[in-house]
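Chain residues, written in single-letter form:
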Amino acid sequence: INVGETHQPYWHEGAGWSREESPCRPFDPANNEAERRRRQRACLEFADGVLAPVLRAFANANIMVCGDHGDAWGEDGLWEHGFHHHSVLEVPMLFRLSPRRPEATD
């Protein structure tokens, strides 16, 4: 599943702001970090709500969730993710091992 809401322009279905206006653009000195942070948090909460039923459906399975890349949010004056920078190489990952134990096969 590719969740695009957490990418610039940080918009999700039903968001209270325009998809056309982004709080940050690559190499733009007028980026609004506070607004970017607010919108991305709202997008993550939206994605959590969409992913929760999927994770529940696989409650007895091993699950791994990870990003395909990170984002630069002002590090070295850079914004976005379409370039090589250490911040873009930092990728979130979580995993959950199934609570079900395999049955003994004696």
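Residues numbered from 1 in each chain as written. Predicted model: local features only at pLDDT ≥ 70, side-chain atom pairs only at ≥ 80, totals over all residues. Heavy atoms only, no water.

1. Focus on helix H1 (residues 33-57)
Under the convention used in this document: Helical segments are the DSSP runs of H or I of at least four residues, strand segments are the runs of E of at least two, and each set is numbered from the N terminus. By definition here, a helix of n residues has an expected span of 1.5 Å times n minus one. Take the seven residues that end at a residue and the seven that start at it, fit an axis to each, and the angle between those axes is the bend at that residue. Burial classes: relative accessible area under 20% of the type maximum marks a residue as buried, over 50% as exposed, and values in between as partly exposed (1.4 Å probe, protein chains only). Contacts: residue pairs with any heavy atoms within 4.5 Å of one another.
Taking 1.5 Å of rise per residue, the 25 residues of H1 would be expected to cover 36 Å, and the 36 Å separating its terminal C-alpha atoms lies within 8% of that figure. Where H1 bends most, at Leu51, the angle is about 35°, and the proline Pro53 comes one to four residues later. Restricting attention to buried positions, one finds in H1 the residues Glu35, Arg36, Arg39, Gln40, Ala42, Cys43 and Ala47. Buried residues along H1 sit against strand S2 (72-73) and strand S3 (79-80).

2. Description of a nonpolar patch on the surface
Selection criterion: In this analysis, a patch consists of residues with relative accessible area above 30% that form no salt bridge, clustered at 9 Å for like charges and at 5 Å for the nonpolar side chains Val, Leu, Ile, Met, Phe, Trp and Tyr. Using the Shrake-Rupley algorithm and a 1.4 Å probe, accessible areas are obtained, with residue cover drawn only from the displayed protein chains. Just to be clear on terms, a salt bridge is a Lys or Arg side-chain nitrogen sitting within 4 Å of an Asp or Glu carboxyl oxygen.
The grouping of Met64, Met93, Phe95 and Leu97 at the surface amounts to a nonpolar patch, some 500 Å² of accessible area in total. Residue class for Phe95 comes out exposed when judged on its relative accessible area of 56%.

3. Describing the layout of surface pockets
Formally: Both cavities and pockets are sets of points on a 1 Å grid over the protein atoms alone; in a cavity a 1.4 Å probe fits but cannot get out, in a pocket the set is open with protein on both sides within 12 Å along at least five of seven lines, and lining residues sit with an atom within 4 Å of a point. Grid points are joined across faces, edges and corners, and a volume is the space filled by probe spheres set on the points. Classification used: nonpolar for Ala, Val, Leu, Ile, Met, Phe, Trp, Tyr, Cys and Pro, charged for Asp, Glu, Lys and Arg, polar for all others including Gly.
For the largest pocket, the calculated volume is near 1000 Å³. Considering the residues around the largest pocket, the lining is formed by 33 residues, among which Thr6, Val65, Cys66, Gly67 and Pro92 are closest to the centre. Elements that contribute at least two residues to the lining of the largest pocket include exactly H1, strand S1 (63-66) and strand S4 (93-96). Ranked by residue count, the leading element in the lining of the largest pocket is H1, at eleven residues. Of the residues in the lining of the largest pocket, the class split is 17 nonpolar, eight polar and eight charged.

4. Focus: unusual backbone geometry
Generally, phi is negative for residues other than glycine and the peptide bonds are trans, each holding for most cases. Non-glycine residue Tyr10 carries a positive phi angle of around 55°. Residue class for Tyr10 comes out buried when judged on its relative accessible area of 1%.

5. Overview of the confidence of the model for the protein
Caution applies to low-pLDDT regions: their predicted coordinates should not be interpreted in detail. Here is the rule: Each residue carries a pLDDT score, the predictor's own confidence in it, on a scale running from 0 to 100.
Summing up the model confidence of the protein, the mean pLDDT is 82 and the portion of residues at 70 or higher is 92%. The secondary structure element of the protein with the lowest average pLDDT is S3, at 78, and the one with the highest is H1, at 89.

6. Here we look at the pattern of salt bridges
In total, this model carries four salt bridges according to the counting rule given. The salt bridge involving Arg37 is made with Glu33; its shortest N-O contact spans 2.7 Å. With Arg37 and Glu33 both in helix H1 and four residues apart, the pair spans about one turn of that helix. Classification of Glu33 by relative accessible area gives partly exposed; the value is 35%. The partner of Arg39 in a salt bridge is Glu35, and the shortest N-O contact between them spans 2.8 Å. Note that Arg39 and Glu35 are positioned in helix H1 at a spacing of four residues, about one turn of the helix. For the pair Arg39 and Glu35, a shared accessibility class is recorded, and that class is buried. Among the ionic contacts, a cluster of salt bridges with common partners joins Glu35, Arg38 and Arg39.

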